[in-house]
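So the chains spell out like this:
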Amino acid sequence: MTPIWREGDELPPVRFEPSLERVVRYCGLSWNFPPFFYDAEAARAHGMPGPLVPGPLKLGFLYAAVEQWLAGRGWVRQVRAAHRRPDLVGTPIAVVGRVGRVYEEGGRQRADLELAVVNDRGEPSVRGFAVVEFFAP
Amino acid sequence: MSEGSLVSDELRSLIGSTGPEVAVEVTRAVVLRAADVFRGSRAGLTLEPGSEVPGFVLAALEGDVPRVQVPEPLPRSLLVANEWRFERPLRLGEELRARSRVADIRERLGGRFGHSVYVQTEVEFREPASGALVAASSITLMYYDLERPGAEEDGE
């Protein structure tokens with residue numbers, strides 16, 4: 001079985017626009033409404049310059065980026081985010097990735113991916129990890 | 001400077017405790033809304049009953065699961081980690097049984113936030129008939145107090 005990725009492959013950055021509208025949609029989806037996600041004054045009261053992109057939304061962006069890289073050739077078994085610094089609503093971010101390991105488990109080919117969310121200055125705000133399983137050819 | 005543990009016996013006793021089991025359903029509406037949020041598009045979704053759907057719908061499903069109430073050990077909190085794991089893809093129209101659990105409570109000395117407490121909670125999603133695990137989500141919150149000795153003032 002030929003893997004679609006090789007260890008060490010860099011995956012192309014996937015950009016996301018965490019607009020206020022998208023953040024409010026996320027709050028509605030998860031039914032979770034901390035005001036500092038959408039209210040500038042509430043964010044300033046927490047010492048932030050503006051509303052923050054919810055951490056779980058960034059986990060979903062990691063998932064969505066991996067899906068995009070897979071392009072229907074497999075599925076996501078696991079995705080994990082370690083949050084290092086906040087991202088501000090309205091500031092574009094990107095998910096970057098690298099193939100860490102390609103291996104076989106349970107008769108299926110899998111890959112471990114090292115991920116990060118980076119801001120527009122290239123600084124990582126999230127360190128992530130994913131495990132994908134490829135569909136049989 | 002020595003100081004006592006922030007993880008009281010009451011707090012420690014909550015490790016392993018679970019919330020009520022509830023039913024959640026992978027509905028068409030949840031899939032569409034989750035795709036809007038995470039992909040910014042509904043393109044490419046297959047919406048036939050039983051079809052595989054993106055795992056990010058867990059973000060919606062876990063919001064319907066009551067959490068164990070954990071007393072806040074310190075006044076401020078921050079999300080430090082979260083995770084989704086899947087034993088198989090989720091399917092449109094399926095109903096799952098879900099329950100939250102306090103997975104771990106531990107403290108950390110030193111670092112940027114000083115003496116802090118980490119609380120990890122998990123939600124497991126299982127097949128109703130067999131009880132087989134389908135997916136799990138995990139979230140770890142860090143509780144801290146910038147007024148305590150050892151904490152820096154430039155916290156998030």
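The shown structure was predicted, so the numbers you read here are calculated from the model rather than taken from an experiment.

(A) Molecular detail of the overall build of chain B. On a plain count of helices and strands, chain B comes out with three helices and seven strands. Start at the N end of chain B and walk to the C end: the helices and strands fall as α-β-α-β-α-β-β-β-β-β. Once the C-alpha set of chain B is aligned to its principal axes, its extents read approximately 60 × 35 × 20 Å. A total of 156 residues make up chain B; the buried ones form 48% of that total. In chain B, 71% of the contacts between residues at least 6 apart in sequence involve partners at least 24 apart. Counting only carbon and sulfur atoms, one obtains 46% of the accessible surface of chain B, whose full area is about 7,400 Å².

(B) Inspection of the interface of chain B and chain A at higher detail. Each partner contributes residues to the interface: chain B has 29 residues there, and chain A has 30 residues. The junction of chain B with chain A conceals about 2,300 Å² of combined surface from both sides, 57% of it contributed by carbon and sulfur atoms. Area buried by chain B at its contact with chain A is led by Val37(B), Phe38(B) and Asn82(B), which between them contribute 26% of it. Here chain B and chain A share three salt bridges between them.

(C) Local environment of the side chain of Thr121(B). Relative to the helices and strands, Thr121(B) resides in strand β6 (residues 116-126). With sequence-adjacent residues up to four places away left out, Thr121(B) is seen in contact with Arg67(B), Arg101(B), Val102(B), Ala103(B), Ser137(B), Ser138(B) and Ile139(B).

(D) Inspection of the packing of aromatic side chains at higher detail. All told, the structure shown has 11 aromatic pairs over all chains when counted by the stated rule. On the basis of an interplanar angle of 85° and a centroid distance of 5.2 Å, the ring pair of Trp31(A) and Phe33(A) is categorised as edge-to-face. When its relative accessible area of 67% is taken as the criterion, Trp31(A) is described as exposed. Ring-pair connections join several aromatic residues into one group, and the members of that group are Tyr26(A), Tyr63(A), Phe38(B), Phe56(B), Trp84(B) and Phe86(B). Positioned above the aromatic ring of Tyr103(A) is the side chain of Arg101(A), whose terminal nitrogen or guanidinium carbon lies 3.8 Å from the ring centre.

(E) Layout of the sheet that holds strand β3 (residues 76-86) of chain B. Ordered in space as β1(A)-β3(A)-β4(A)-β5(A)-β2(A)-β3(B)-β7(B)-β6(B)-β5(B)-β1(B), the 10 strands form an open sheet in which the pairing is antiparallel. Each edge of the open sheet is held by one strand with a lone partner, namely β1 (10-16) of chain A together with β1 (22-25) of chain B. Pairwise comparison of adjacent strand axes, ignoring direction, gives a mean angle of 25° for this sheet. In this structure, β3(B) lies alongside strand β7 (residues 133-144) of chain B, joined through 10 bridges in antiparallel fashion. Bridged to Trp84(B) within β7(B) is Ser137(B). Contacts between helix α3 (residues 55-70) of chain A and the sheet are confined to β1, β2 (74-83), β3 (93-105), β4 (108-119) and β5 (124-134) of chain A together with β3 of chain B, with β2(A) contributing the most and set at about 145° to the helix.

(F) Representation of the pairing of β4(A). Residue and element names in this part refer to chain A. β4 sits mainly inside the fold: 10 of its 12 residues count as buried. In this structure, β3 lies alongside β4, joined through 12 bridges in antiparallel fashion. Along β4, the bridge assignment pairs Val 96 with Ala 116. Linking β3 to β4, which pair antiparallel, is a turn of two residues; within it Gly 106 sits at a positive phi near 60°. With nine bridges connecting them, β4 and β5 associate as antiparallel partners. In the strand pairing of β5, Arg 110 is matched with Glu 133.

Basis of the calculations
- Residues numbered from 1 in each chain as written.
- Chains lettered and ligands numbered in written order.
- Predicted model: local features only at pLDDT ≥ 70, side-chain atom pairs only at ≥ 80, totals over all residues.
- Heavy atoms only, no water.
- Helix = DSSP H or I, 4+ residues; strand = E, 2+ residues; numbered from the N terminus.
- Buried < 20%, exposed > 50% of the residue type's maximum accessible area, 1.4 Å probe, protein only.
- Contact = heavy atoms within 4.5 Å.
- Areas by Shrake-Rupley, 256 points an atom, 1.4 Å probe, with all protein chains shown as cover.
- Buried area = accessible area lost by both parts, 1.4 Å probe.
- Salt bridge = Lys/Arg side-chain N within 4 Å of Asp/Glu carboxyl O.
- Phe/Tyr/Trp six-rings, centres within 6.5 Å; stacked < 30°, edge-to-face > 60°.
- Lys NZ or Arg CZ within 6 Å of the ring centre and 35° of its normal.
- Pairing = 2+ DSSP bridges.
- Axes fitted to C-alpha atoms, helices over the stretch in contact; angles between N-to-C directions.

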